[in-house]
Amino acid sequence: MVPPTAVESSINFSGHPTIKSNQDPLVQQLSLKDDTIIRHNASPATLYEDGLQEKGTTISSTGALMAYSGKKTGRSPSDKRIVEEETSSQHIWWGPVNKQVDELTWKISRSRALDYLRTREKLFVVDAYAGWDPRYRIKVRIICARAYHALFMNNMLIRPTKEELENFGEPDFTIYNAGQFPANIHTKGMTSATSVEINFKDMEMVILGTEYAGEMKKGIFTVMFYLMPIKHKVLTLHSSANQGVEKGDVTLFFGLSGTGKTTLSADPNRKLIGDDEHCWSDQGVFNIEGGCYAKCIDLSAEKEPEIFNSIKFGAILENVVYDPETKVVDYTDSSITENTRCAYPIDFIPSAKIPCLADTHPSNIILLTCDASGVLPPVSKLTNSQVMYHFISGYTSKMAGTEEGVTEPQATFSACFGQPFLVLHPMKYAQQLSDKITQHKANAWLLNTGWVGAGAAQGGKRCPLKYTRAILDAIHSGALNEVNYETFPVFGLQVPTSCPGVPAEILNPTNAWTQGKESFEAQIKSLAGKFVENFKKYADQATEEVKAAGPTA
């Protein structure tokens, strides 16, 4: 066998050598040095080789590439900005979620990012798609300086075929990831050395001051939250989705990170459409992504076998702790962050549905909440008005590590269960969802994957995963439609009195509470008050039926 030459060793999976010609359009566009090495759509194996040259990067005992994201181990939503310009400004929900940045500041940040990338000896370029439905997918290009970031986005986006890459053309959206380099804190509107900026007119995104890979993933999600409703009247959803093998029924799971979207959608008895980001069109549901981004804290083969077994060659483990000799990961160790993660292609899940779309409309809509107060039932059946109220409210508890500075569960309200990624006003998404639920006669449920028996502060325990799975099985089989229900006080929720595989005593928190009647009444009154106060922001645009569907404080 002839040993590979320097050129041969840089061939990527599409058969094209590493770009070095100063006549190449990408080289000219970025004004790169003639000797800059560009890994354009490199294979995972090549990205492993390059990644292992990065400080702290190594291979786990199961073959995954392990990398560190530096100081930032979670998203920085307070540092996300959208450029205020004439083509999109009238649509944007301006405020604390979508902070304005002027076009001059954008130009400074973009120039700063490109100047940094031009100094690198080696760059990585990934061309891929967002959106499995060919009618709506967009072409995305990522330009970055870390192999770990390139492999992450190769996993998370939809990988084109060889023929599609050869005819890829110009991207619809480009990310310049210069996360190793800080933003200019003296620039107008900057509050830290981190800045994640999106320009809908130029269809570009710039990342400075954070190496957390999730910023790229959620940046694309934000773009889809803008493009799909505005251009195509398609509803964008922060949800996972799966489909029954026999009946072909589709279930959507809404929820913030840490509520169980990835875990609950990876069901060996159902086909996984996707674990986090979807769109609901006039023909059905399609995944935005080509991969999964699972939380790894306390991960085990027993509890989550499909995710555990996906951590192999080609996957990325982020910010995990491992034995320095054996490279065996300790998934219980949160000394770096609670937000340990793994990114892997969706086809690593044996039950994945490829292509990741369904031409049938959802039968069940499940709103996931992680209630740290411990007073919401493990499952409630919702009326149409109630599902709208709870969708707009988006109540849950921020889980430790999901965002910088969050070290323990904190009660929060996140409109549409995805407020950090919303570009339009929440009521626009809520109305679209309401119309689709009504049109397609979907059932709606509220599932609490948080604490039962008592709140987190009172020593309660999280609802066991086996019980939540049993509840889901009963929803999918139709068994939960055949049982008796009782009304849960204050919130007016319909709670089943029995469910196959679940102890009856935990189904109604009034009966399950271990801290005394007065304690329970105080806790539920406190939570109801938070709901009422939060909903005041949306009450002027809500119908009387939706407003009446909330709790009585």
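Residues numbered from 1 in each chain as written. Predicted model: local features only at pLDDT ≥ 70, side-chain atom pairs only at ≥ 80, totals over all residues. Heavy atoms only, no water.

Some thoughts on the packing of helix H4 (residues 147–156) against helix H6 (residues 214–232)
Any two packed helices are characterised by how steeply their axes cross, that is the angle between the axes, and by the distance between the axes.
Here's step 1: Running from N to C, H4 and H6 cross one another at 40°; their axes reach a closest spacing of 9 Å. By the angle between their directions, the pair H4 and H6 is classed as oblique. Where H4 crosses over H6, the two elements pack in a sense that is right-handed. On H6, the residues touching His149, Phe152, Met153 and Met156 of H4 are Gly214, Met216, Lys217 and Ile220.
Here's step 2: Taken together, the residues of the contact of H4 with H6 sort by class into 5 nonpolar, 2 polar and 1 charged. (Axes fitted to C-alpha atoms, helices over the stretch in contact; angles between N-to-C directions. Helix = DSSP H or I, 4+ residues; strand = E, 2+ residues; numbered from the N terminus. Parallel < 35°, antiparallel > 145°, perpendicular 65-115°, else oblique. Left-handed = near helix turned anticlockwise from the far one by under 90°. Contact = heavy atoms within 4.5 Å. Nonpolar A, V, L, I, M, F, W, Y, C, P; charged D, E, K, R; others polar.)

As for the packing of aromatic side chains
Here's step 1: One pass over the full model with this rule turns up 20 aromatic pairs.
Here's step 2: Residues Tyr395 and Phe531 carry aromatic rings whose centres are separated by 5.2 Å and whose planes lie at 50° to one another, so their mutual orientation is tilted. Placement of the pair is Tyr395 in strand S24 (residues 395–398) and Phe531 in helix H13 (residues 517–535), with a sequence separation of 136 residues.
Here's step 3: Through successive ring pairs, a cluster of aromatic residues spans Tyr389, Tyr395, Phe413, Phe491, Phe531, Phe535 and Tyr538.
Here's step 4: It is Arg137 that lies over the ring of Tyr129; its NZ or CZ is 3.8 Å from the centre. (Phe/Tyr/Trp six-rings, centres within 6.5 Å; stacked < 30°, edge-to-face > 60°. Lys NZ or Arg CZ within 6 Å of the ring centre and 35° of its normal.)

Describing the domain arrangement of the chain
Here's step 1: Per the domain assignment, the segments of the chain are domain 1 (31–57 + 76–232), domain 2 (245–250 + 362–429 + 441–549) and domain 3 (293–344).
Here's step 2: Of note, the centres of domain 1 and domain 3, computed from C-alpha atoms alone, are 25 Å apart.
Here's step 3: For the pair domain 1 and domain 3, the summed buried area comes to about 990 Å², and 61% of that belongs to carbon and sulfur atoms.
Here's step 4: For the domain 1 face of the interface with domain 3, the top three residues by lost area are Tyr48, Asn155 and Tyr212, together amounting to 46%.
Here's step 5: Run the count over domain 1 and domain 3 and you get 0 salt bridges.
Here's step 6: The interface formed by domain 1 and domain 3 holds 7 residue pairs in polar contact (both at pLDDT 80 or more) in total. (Domains from an automatic or database assignment. Buried area = accessible area lost by both parts, 1.4 Å probe. Salt bridge = Lys/Arg side-chain N within 4 Å of Asp/Glu carboxyl O. Polar contact = N/O pair within 3.5 Å; in protein donor to acceptor, adjacent residues only side chain to side chain.)

A closer look at the side chain of Glu318
Here's step 1: Looking at the secondary structure, you find Glu318 in strand S17 (residues 316–318).
Here's step 2: No salt bridge is formed by the buried Glu318. Its closest oppositely charged neighbour is Arg341, at 6.1 Å. (Buried < 20%, exposed > 50% of the residue type's maximum accessible area, 1.4 Å probe, protein only. Lys, Arg positive; Asp, Glu negative; His and termini not counted.)

A few points about the sheet that holds strand S6 (residues 122–130)
Here's step 1: Judged by pairing direction, the sheet is mixed, and its 8 strands sit side by side in the order S1-S6-S7-S8-S10-S9-S4-S5 without closing on themselves. Looking at strand neighbours, the two that pair on one side only are strand S1 (37–40) and strand S5 (99–101), the edges of this open sheet. Geometrically, the sheet is characterised by an average inter-axis angle of 20° between neighbouring strands, direction not taken into account.
Here's step 2: One ladder, built from 5 bridges, connects strand S9 (residues 195–199) with strand S10 (residues 204–208); its direction is antiparallel. By the bridge assignment, Asn199 is partnered in S10 with Glu204.
Here's step 3: Sheet strands in contact with helix H3 (residues 103–118) are strand S4 (80–83), S5, S6, strand S7 (138–144), strand S8 (173–178), S9 and S10, and its direction is about 65° off that of S10. (Pairing = 2+ DSSP bridges.)

Describing the pairing of strand S30 (residues 493–496)
Here's step 1: Sheet topology note: the strand S29 (residues 485–488)/S30 ladder contains 4 bridges and is antiparallel. Across the sheet, the residue bridging to Glu486 is Val495, located in S30.
Here's step 2: Linking S29 back to S30 in an antiparallel pair, the connection comprises 4 residues, with Val490 at a positive phi of about 70°.

Side note on the pattern of salt bridges
When charged atoms on two side chains of opposite charge get close, those side chains can pair.
Here's step 1: The tally for this structure, following the rule as stated, stands at 22 salt bridges.
Here's step 2: Among the salt bridges present, the one from Arg137 reaches Glu164, with a minimum N-O distance of 3.5 Å. Here Glu164 lies in helix H5 (residues 162–166) and Arg137 lies in the loop between S6 and S7, a separation of 27 residues in the sequence.
Here's step 3: The partly exposed category is assigned to Arg137, whose relative accessible area is 31%.
Here's step 4: Classification of Glu164 as partly exposed rests on a relative accessible area of 25%.
Here's step 5: One salt bridge connects Glu289 with Lys217, and the closest N-O pair in it is separated by 2.7 Å. Of this pair, Glu289 sits in the loop between strand S15 (285–287) and strand S16 (291–295) while Lys217 sits in helix H6, and the two are 72 residues apart along the sequence. Comparing Glu289 with Lys217 shows no difference in burial state: the two are buried.
Here's step 6: Linked by salt bridges that have partners in common, Lys217, Lys218, Lys261, Asp276, Glu277 and Glu289 make up one network.

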